[in-house]
Amino acid sequence: MTRLAVSILVQSLEHGLCAAARAAELGAELVEFRLDHFPGKVPQAPAQAMALVRRAPLPCIISCRPTWEGGHFAGDEAERLAIFDAVCQSSNPPAYIDIELAAYQRSSPWRRHVARWVDHPGSPRPAGTGLILSSHDFHGRPVDLYQRLEAIAATTECRAIKVVWQARSLRDNLEAFEIISQRHKPTIALCMGEFGLLSRVLAKKFGALLTFAALDAGRETAPGQPTIEQLKSLYRWDHLNAQTHVYGVIGHPLGHSMSPAIHNAGFDHTGYNGVYFPLPIAPEYEPFKATVATLLAMPELHFRGASVTIPHKENLLRFVGECGGEIEPLAQRIGAANTLTVREDGSLYASNTDYAAALDAICEPLDIAREALRGRRVAVIGAGGAARAMVAGLAAYGATVVIYNRTLDKAAALAEQFNSAEAKVVPAPLEKLCDSCCEVFINCTPIGMHPRVDNTPIPRFPTAHGKSSGTSRPVVFDTIYNPPVTRLLREAQAAGCVTISGVEMFVRQAAAQFEQWTHQPAPRALFRQVLRQRLAQ
Ligand code: NAP
């Protein structure tokens, strides 16, 4: 069973013990004491290290990473040896020591001492300590990764193999999983950096010896290390197993995407065996195609779907088309898809949950069917991706749409694509918006989005529209969800309009994805609550 180790860069005996106690409270099973910074030279440091191991509330891994292997220890090798010698020879030895392959290979004192400190087939007596022989590369995947692995695995004294490298893309994670699966000795294979999160969380799915977590954000001992709280609460550590289905949001940049919190909360709520990650993929079609194809090609990963956002919505359509998958007709017409579903038979389906979510966000509060949109005059502000999905959905149900956009040519091109005998779609300059006699206004621009929350796309809103629409109240829908109530919505509310927040669209598009993937009803109220909580942080 893969264990969860909290890694602590120890500042003092008290600090190390305090941090280890918190790690135990938070559910860690092991604690790694990184002694790179441990104060004092011989004899203080060895004595303090012994006290640390003796008084720790959890089994320990002791490491003291030198600067030449990406750590902080700048002393000489005799000092490092003295620290390990003290803890390993004490009556309370650590569960593991982590020694760098490079030190082990080039120094006979290390090899001689290690053979005395750890349990191995030729040990004269039980030592109670296992050797983790490790190799780290902070610059990328080492070209001689497999030579290093062979050298580590062939070392008789080594109980566990550890290789860690800086991931260049999500694909590195899959190599880490293969390494874990293929080795006969217990193995730790982890990727560092923004692309390495999968390897850290899914270490459990692939049966690694352990993964490392930080105690708090900002206290990571390696780039990309999640906190124990994130591993346990957000990434569902306690529920992961070999069968767990993997999902994620594909985009670039992903920033602080709300989707992992929402979908993982949904999996928790419904008991679905899934986990959802941020999946950053560099812009352009080639990295998208190569990465998604690699995720799909590993059956043991159980990659079952993804939310797809900027700049890959068009790439998803192209990829699924090239793979011979099915594309939702309206997604094809919109020219963008936001959802990838991998069906049970392995076939692919690309769909767009944005337009349906937007239509329902309008129709449900008005208590009307989508068909009742026929003939209604709707102003869509903006002519980008969100506006395109909106216009396609509205036109499909026969609404009359006026596209107001800063760049009139873009509005005209969009209008031309969706204008038909069934639905009139026309372009208009943004400056004419205040004179509009539409009954529904939909903001599909980022105007008013965090952090520029004082902006609004309709600056003269109250006088222009407050009394303009006869008996029924105008409807104002802002697709922005951060903040949930924009200046546009505040002013529209004050003017007596029906207002709809982008939260409703976001929750509905996520709910539709969740239902496609899990075949279970999505807990929408929970999604709404999680989104609002995250936005308030
Ligand atoms: P996009 O493709 O970049 O399009 C942005 C549109 O806004 C363009 O038409 C652009 O006009 C216009 N625009 C941008 N800045 C402007 C400014 N300062 N003044 C006037 N017009 C401006 O972006 P998108 O993907 O459509 O997303 C737009 C917004 O929709 C996002 O900011 C997001 O808040 C919202 N959205 C919400 C959801 C949800 O689930 N709630 C989902 C998707 C999107 P030009 O054509 O002249 O450049």
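Use the structure listed above.
Model, not experiment: these values are computed from the prediction.

S.K.: What am I meant to see in the packing of helix α10 (residues 259-270) against helix α19 (residues 502-518) here?
M.R.: Describing two packed helices takes the angle between their axes plus the distance from one axis to the other. The interhelical angle for the contact between α10 and α19, taken along N-to-C directions, is 50°, at an axis separation of 11 Å. Accordingly, the angle class assigned to the pair α10 and α19 is oblique. The handedness of the crossing between α10 and α19 comes out as right-handed. Contacts between α10 and α19 involve Ser 259, Ile 262, His 263, Gly 266, Phe 267 and Thr 270 from the former and Phe 506, Ala 510, Gln 513, Phe 514, Trp 517 and Thr 518 from the latter. Residue classes in the contact of α10 with α19 are distributed as 6 nonpolar, 6 polar and no charged.

S.K.: Can you help me understand the nonpolar core in this one?
M.R.: When a protein is soluble and globular, its nonpolar side chains tend to lie buried together. Within the largest apolar cluster, 121 residues are counted, with the highest numbers of intra-cluster contacts made by Phe 33, Leu 35, Phe 277 and Leu 301. Per element, the largest residue contribution to this core is 7 residues, and it comes from α19. What Phe 277 contacts, discounting residues up to four positions off in sequence, is Leu 197, Leu 198, Val 201, Leu 202, Tyr 235, Val 246, Tyr 247, Gly 248, Val 249 and Pro 260. By size, the runner-up hydrophobic cluster in this structure holds 39 residues, among which are Leu 359, Cys 363, Ala 415 and Phe 418.

S.K.: Would you explain the sheet that holds strand β20 (residues 498-500) in this entry?
M.R.: Strand pairing in a sheet takes place through backbone hydrogen bonds and is either antiparallel or parallel in direction. The strand order across the open sheet formed by 6 strands is β17-β16-β15-β18-β19-β20, and the pairing between neighbours is parallel. The outermost strands of the open sheet, each flanked by one partner alone, are β17 (425-429) and β20. Shown here is a sheet whose adjacent strand axes are inclined to one another by a mean of 20°, direction ignored. Across 5 bridges, the pairing between strand β15 (residues 377-381) and strand β16 (residues 400-405) is parallel. Note on β16: the bridge partner recorded for Ile 381 is Tyr 404. Docked against the sheet, helix α16 (residues 408-418) engages β16 and β17, running at close to 175° with respect to β17.

S.K.: What's the story with the pairing of β17 in this structure? I'm lost.
M.R.: Where β16 and β17 come together, 5 bridges link them in parallel fashion. In the sheet register, Ile 403 faces β17, and the bridge partner there is Pro 427. In this view, the connection linking β16 to its parallel neighbour β17 by way of α16 has right-handed handedness.

S.K.: What's the story with the environment of Ala 392 in this structure? I'm lost.
M.R.: With respect to the helices and strands, the residue Ala 392 is situated in helix α15 (residues 385-396). You can call Ala 392 buried: its relative accessible area is 1%. Linking Ala 392 and Leu 330, residues 62 residues apart in sequence, is a C-alpha distance of 7.5 Å. Contact partners of Ala 392, with chain neighbours within four places excluded, come to Leu 330, Ile 334 and Phe 418.

S.K.: Looking at this structure, how should I read the sheet that holds strand β9 (residues 245-251)?
M.R.: Pairing in this open sheet of 6 strands is mixed, and the strands run β10-β9-β11-β13-β14-β12 from one edge to the other. Bordering the open sheet on either side are β10 (274-280) and β12 (326-327), each of which pairs with just one other strand. Pairing analysis gives 4 bridges linking strand β13 (residues 339-342) to strand β14 (residues 348-351), with the strands arranged antiparallel. Paired with Thr 339 across the bridge in β14 is Ser 351. Contacts between α19 and the sheet are confined to β9, β10, β11 (303-308), β13 and β14, with β13 contributing the most and set at about 10° to the helix.

Reading the values: rules and limits
- Residues take numbers from 1 onward in each chain, read along the sequence in its written order.
- Given that this is a predicted model, residues contribute local features only at a pLDDT of at least 70 and side-chain atom pairs are listed and counted only at 80 or more, while totals for whole chains, interfaces and linings are drawn from all residues.
- Just so you know, side-chain values use all the structure's heavy atoms and leave hydrogens and water out.
- All axes here are fitted lines through C-alpha atoms, helices being fitted over the stretch that makes contact, and every angle between N-to-C directions spans 0 to 180 degrees.
- Runs of H or I in DSSP of at least four residues are treated as helices and runs of E of at least two as strands, each being numbered from the N terminus.
- In these notes the angle categories are as follows: under 35 degrees is roughly parallel, over 145 is roughly antiparallel, 65 to 115 is roughly perpendicular, and the rest is oblique.
- Whether a crossing is left-handed or right-handed is set by the direction in which the near helix is turned from the far one by less than a right angle, anticlockwise for left-handed and clockwise for right-handed.
- By the convention used here, residues are in contact when the closest approach between their heavy atoms is within 4.5 Å.
- Throughout, the ten residues Ala, Val, Leu, Ile, Met, Phe, Trp, Tyr, Cys and Pro are labelled nonpolar, Asp, Glu, Lys and Arg are labelled charged, and all others, Gly among them, are labelled polar.
- Remark: nonpolar core denotes a set of buried residues (Ala, Val, Leu, Ile, Met, Phe, Trp, Tyr, Cys) joined through side-chain atoms within 4.5 Å.
- Throughout, exposure labels follow a simple rule: accessible area from a 1.4 Å probe, protein chains only, divided by the maximum for the residue type, with under 20% read as buried, over 50% as exposed, and the rest as partly exposed.
- Two strands pair if DSSP finds at least two bridges between them.
- Note on handedness: a crossover is taken as right-handed if, strands pointing away from the viewer, the path from the first strand over the helix to the second is clockwise.

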